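Chains, contacts and geometry: an overview
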Amino acid sequence: MTVSEGRATADLRAATETATETATGAEPGRRPGRALSPTGARYVLLIVTLVLAGAFAGQVVHGLVLGPSWAEAALQCWEEGPRLFPDSGQSQAEHWSRCTGPLQRRQALVSLAGAAAVLLLGLAVMWTLPRRLMRGAGPLKTAPPDWQERVGRIAAEMGVRRPPCVMWGGGQVREAFVLGRGSRCRIILPRGMRLLGDEEAEAILRHEIGHVAAGDVTLVWLTRGVWWALPPVLLTAPLVAAVQGWRSRDTSAWRMLAQPFWAEYGVRAAVLAVTATLVAQMIMRSREHEADLAAVRGQSVAPWETLLGGPRPAPRTWLDAARANHPTHRRRMTVLRAPHLQLAPTVLDTLVVGLLAAVLLDSVHGLATLLLTGTSWSAAPVSALAAGLLLAVGWGLPVWRGALAQRNGTAPPSRWLPLALGVSTAAGLLVRLQGAGTTAQGPMLGWTLLLALPAAVVGAAALSTAFAGLWSRRRGAGDSTIRDRLTVIAVSTLLFSGALWLAMDFSVFLRLFSADPVLGAALLTGPYSPSSGYKAVASAAIAVPAVWCAVRGSHRPEHRPRLHLHRWLPALTAVGAAGAAVTARLAYRSSATAGDWTGTWRLDVLTALCAGAVCAVMLVVLRGSGGLGHVLYAAPLTTVLTVTVLWATRFGSWKHPFEAWGSVLVTSSLAGLAVVLLALAVPAGFLPTWDSGRGAVQIAVPALAVIVAAAAVLALQHSGDTLLLR
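Now for a description of the structure that goes with this document. (Residues numbered from 1 in each chain as written. Predicted model: local features only at pLDDT ≥ 70, side-chain atom pairs only at ≥ 80, totals over all residues. Heavy atoms only, no water.)

A few words on the overall build of the protein chain. Secondary structure assignment for the protein chain yields 25 helices and four strands. By the burial criterion, 51% of the 726 residues in the protein chain qualify as buried. Considering only residue pairs separated by 6 or more positions, the protein chain has 79% of its internal contacts joining residues 24 or more positions apart. Counting every atom, the protein chain has about 33200 Å² of accessible surface; 64% of that belongs to carbon and sulfur. (Helix = DSSP H or I, 4+ residues; strand = E, 2+ residues; numbered from the N terminus. Buried < 20%, exposed > 50% of the residue type's maximum accessible area, 1.4 Å probe, protein only. Contact = heavy atoms within 4.5 Å. Areas by Shrake-Rupley, 256 points an atom, 1.4 Å probe, with all protein chains shown as cover.)

Written out as structure tokens, the structure is:
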């Protein structure tokens, strides 16, 4: 072997070990983490599916059982308004909200009771099914001490504090499996395993202990009990309707169930059932891969090649392959040789996450609207936060793992996955669990949301991918910590939640304008938004870890950044765009106009917004989609720098200068920039990443930013009052 071949082999081995550690969610020498592993994220998807199904059934049961009393009380509230407040429509609306508040909260609580019921059924299944399997395993016999000692040694190597007890199963046991938790954990082995060689037997034991180390030995029964928990809950509503029809003199059970409403109910129930089945199968297959990877960490794969590369099993039909809970032997060996295949999200993962996120957004929005009736709180941020967190865990974190795998020389994730995420989000909006029976009315907040929300999700997915790449370059995969994963989840949650909230606001404001509705809605969603403060805080919270990654670079000595020009290009572009924007703004209109403070501060905000937008566009031109990571911090810094200089030039003119800077200028400009960056990321995310070029090309980008920023601000100040919304 030559020196170069030896280095290549060592690099490949290191990359494989690093990818194995990341695939199992573990750091070197530590026990694999379960909550943040690929399988752990899929458990979250399954639990969300079950909760949505329970809330859906609970809502329909409420309509069947308590619907008449709800309608009667609501009608009484409606009639009281004109009688109590005959001259004030606003007072009538406030009275309606206060009066129906208890009714709406009761409806929401019944829906939540349905969600709790399906979770309780799931817990009951997790307790019952293992005991049934234990009884069906036949008479159990404790394995000899040498097997117990072997398991204790393997458990200590894999970080399991309490080694499981090894037992021989009955004659009907054909495969090894593990049951229980903690000190009561048991590994049940087939008696024929005593005929295997030491290496093959130890490989099987390491695989089963890998399941114990993952910590999902008990939780996995939720996947096998989906059909025990889901059908009873979904069949409750039709059963209640049939009983009501049977007891009524005016109708029958058949007539009750023959109504068009139940066709819609059946379609939605089928969507939930299929989704739960797909997620359960993904969990079963991925946990086998994670157990394999945990078993071979630091070990030879030769025993596995012997076990999995033996006589091929009987060929499966396509239906059997689709229904199989375990991956094929060929697939298991492929993942053992290339662990990065377990890291990045698949197309099926993406489609399921997008569908569930949209369904969760609609359901939480409906429930939050009911719970918050009669209060000043809005349901939009609550629902956006819930769906954003699901997208962060189910998609943002796997994308970060894919970025780590790419850093280790493996194939990068597809740039088209964000498009699949947006398409599945649009499909999820049409499911509308909270709108059963009102399908003709379209998605929540109108049909415009069907276009705005997927576009926002695609943009947020592109920015989340860019941040994952930026953060993964700061550290190697083997150095990843819980703090890294929590940071990625937090930033992805802010990106997706903010995108969903912006899309919902845009769809609402779009109805307010007859002329230039898109421009007016964009301005009210961004710089002139009533909730601009929250959006500005989210933008700043995303920019802080992004700029920290850019400044700190890698912690490894060999990866410490050198003083190259391309590392300073984002800063140079930001300063150039900010300086040109300030110069153009002050040169054209250098002082505040007396009596026109609203126009003055709005022009200052839009000037800062232009500077940030120009900086973002120039960085994308410089690096393609690879520039989006630097956009996350450079564009906000440009915007804040621009608006701060403009504020400082009029410091003596403000009555409360610091309050004006913080609560008006900075918040409005950052909120507007969030809309611009989201719109820019939609097309930029599909671009390839290219090199920034040589020194002359790199210098040209900040210079071009100066020219474009000055031209944009001059055009802004000649635009009249259209952008000022007056």
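That shown, we press on.
Moving on to empty space enclosed by the protein. Tallying each qualifying case throughout the model produces two cavities of 30 Å³ or more. In this model, the largest cavity occupies a volume close to 90 Å³. Pro38, Ala41, Arg42, Leu45, Gln342, Leu343, Ala344, Pro345, Asp349, Gly394, Pro398 and Arg401 together form the lining of the largest cavity. Within the residue set of the lining of the largest cavity, elements represented by two or more residues are helix 2 (38-65) and helix 15 (379-407). (1 Å grid on protein atoms, 1.4 Å probe; cavity = no way out; pocket = protein on both sides within 12 Å on 5 of 7 lines; lining within 4 Å. Points joined across faces, edges and corners; volume = space filled by probe spheres on them.)

Taken as a whole, this structure holds ten salt bridges when the rule is applied. Across the salt bridge formed by arginine 153 and glutamate 157, the nearest N and O atoms sit 3.5 Å from each other. Highlighted residues: arginine 153 and glutamate 157, both in helix 5 (residues 145-157), separated by four residues, approximately one helical turn. Judged by relative accessible area, glutamate 157 falls into the partly exposed class, the value being 45%. The closest approach of N and O atoms between aspartate 604 and arginine 585, which form a salt bridge, is 2.8 Å. Pair noted here: aspartate 604 is in helix 22 (residues 597-623) and arginine 585 is in helix 21 (residues 565-588), with a separation of 19 residues, a long-range link. (Salt bridge = Lys/Arg side-chain N within 4 Å of Asp/Glu carboxyl O.)

For strand 1 (residues 141-142) and strand 2 (residues 165-168), the ladder comprises two bridges, and the chain directions are antiparallel. For threonine 142, the partnering residue across the bridge sits in strand 2 and is methionine 167. Summarising the sheet, strand 2 and strand 4 (residues 186-189) pair through four bridges and their orientation is parallel. Looking across to strand 4, one finds that methionine 167 is bridged to isoleucine 188. (Pairing = 2+ DSSP bridges.)

On to the sheet that holds strand 2, then. An order of 1-2-4-3 is seen for the four strands of this open sheet, with the pairing classed as mixed. With one partner strand each, in any of the chains shown, strand 1 and strand 3 (177-179) form the two edges of the open sheet. This element, helix 4 (residues 89-136), spans strand 3 and strand 4 of the sheet and lies at about 125° to strand 3. Of the strands in this sheet, strand 1, strand 2 and strand 4 are in contact with helix 5, which crosses strand 2 at around 140°. (Axes fitted to C-alpha atoms, helices over the stretch in contact; angles between N-to-C directions.)

This part covers the packing of helix 23 (residues 628-649) against helix 24 (residues 657-684). Look at helix 23 against helix 24: their axes get within 9 Å of each other, and the N-to-C directions meet at 150°. As far as their axial angle goes, helix 24 and helix 23 are roughly antiparallel. Once helix 23 is placed against helix 24, the crossing between them reads as right-handed. Across the interface between the two elements, Leu628, Val631, Ala635, Pro636, Thr639, Val640, Val643, Thr644 and Trp647 from helix 23 touch Pro657, Phe658, Trp661, Leu665, Val666, Ser669, Leu670, Leu673, Leu677, Ala681 and Ala684 from helix 24. (Parallel < 35°, antiparallel > 145°, perpendicular 65-115°, else oblique. Left-handed = near helix turned anticlockwise from the far one by under 90°.)

Mapped onto the elements, glutamate 202 comes out in helix 6 (residues 198-214). If we ignore the near neighbours within four places in the chain, the residues touching glutamate 202 are Arg150, Arg153 and Ile154.

As a further point, take the packing of aromatic side chains. Counted under the stated rule, the structure contains 13 aromatic pairs. Geometrically, the ring pair formed by tryptophan 78 and tryptophan 96 is edge-to-face, given 5.9 Å between the ring centres and 85° between the ring planes. One end of the pair, tryptophan 78, is in helix 3 (residues 67-84); the other, tryptophan 96, is in helix 4, with 18 residues separating them in the sequence. Taking the relative accessible area as the measure of exposure, tryptophan 78 reaches 57% and is therefore exposed. These aromatic residues form a ring-pair network of at least three members: Phe56, Phe261, Trp262 and Tyr265. (Phe/Tyr/Trp six-rings, centres within 6.5 Å; stacked < 30°, edge-to-face > 60°.)

Right, let's get into the state of the cysteines. Under the defined criterion, the tally for this structure stands at one disulfide. A sulfur-sulfur separation of 1.9 Å characterises the disulfide bridge that pairs cysteine 77 with cysteine 99. With the S-S dihedral at roughly -65°, the linkage between cysteine 77 and cysteine 99 falls on the left-handed side. Of this pair, cysteine 77 sits in helix 3 while cysteine 99 sits in helix 4, placing them 22 residues apart in sequence. Under the relative-accessibility criterion, cysteine 77 is labelled buried at 5%. (Disulfide = S-S within 2.5 Å.)

Relative to the 40 Å expected for 28 residues at 1.5 Å per residue, helix 18 (residues 482-509) spans 40 Å between its end C-alpha atoms, a close match to the ideal helical length. A large share of helix 18 lies buried, amounting to 21 of its 28 residues. (Expected span 1.5 Å × (residues − 1).)

Judged by side-chain polarity, Leu704, Val706, Ile707 and Val708 come together as a nonpolar surface patch covering roughly 310 Å² of accessible area. Relative to the assigned elements, valine 706 resides in helix 25 (residues 695-717). For valine 706, a relative accessible area of 34% gives the class partly exposed. (Patch = residues over 30% accessible without salt bridge, like charges linked within 9 Å, V, L, I, M, F, W, Y side chains within 5 Å.)

Turning next to the environment of serine 663. With respect to the secondary-structure elements, serine 663 resides in helix 24. With a relative accessible area of 44%, serine 663 lands in the partly exposed category. Sequence separation between serine 663 and serine 532 is 131 residues; the distance between their C-alpha atoms is 9.0 Å. Within polar-contact distance, the side chain of serine 663 engages the backbone oxygen of glutamate 659 at 2.5 Å. (Polar contact = N/O pair within 3.5 Å; in protein donor to acceptor, adjacent residues only side chain to side chain.)

Below, the discussion takes up the environment of alanine 546. With respect to the helices and strands, alanine 546 occurs in helix 20 (residues 532-552). Separated by 75 residues in sequence, alanine 546 and tryptophan 471 place their C-alpha atoms 7.5 Å apart. Leaving out residues up to four positions away in the same chain, alanine 546 has contacts with Phe467, Leu470, Leu632 and Tyr633.

This part is about the packing of helix 4 against helix 8 (residues 226-247). Two elements in contact, helix 4 and helix 8, have axes whose closest approach is 8 Å; the angle formed by their N-to-C orientations is 145°. At the point where helix 4 passes helix 8, the crossing takes the right-handed sense. When helix 4 is examined against helix 8, the residues Val118, Leu121, Gly122, Val125, Leu129 and Arg132 are found in contact with a partner set consisting of Trp228, Ala229, Pro232 and Val233. Taken together, the residues of the contact of helix 4 with helix 8 sort by class into eight nonpolar, one polar and one charged. (Nonpolar A, V, L, I, M, F, W, Y, C, P; charged D, E, K, R; others polar.)

In the sheet, strand 3 pairs with strand 4 via three bridges, with the strands oriented antiparallel. Counted as the bridge partner of valine 178 is isoleucine 187 from strand 4.

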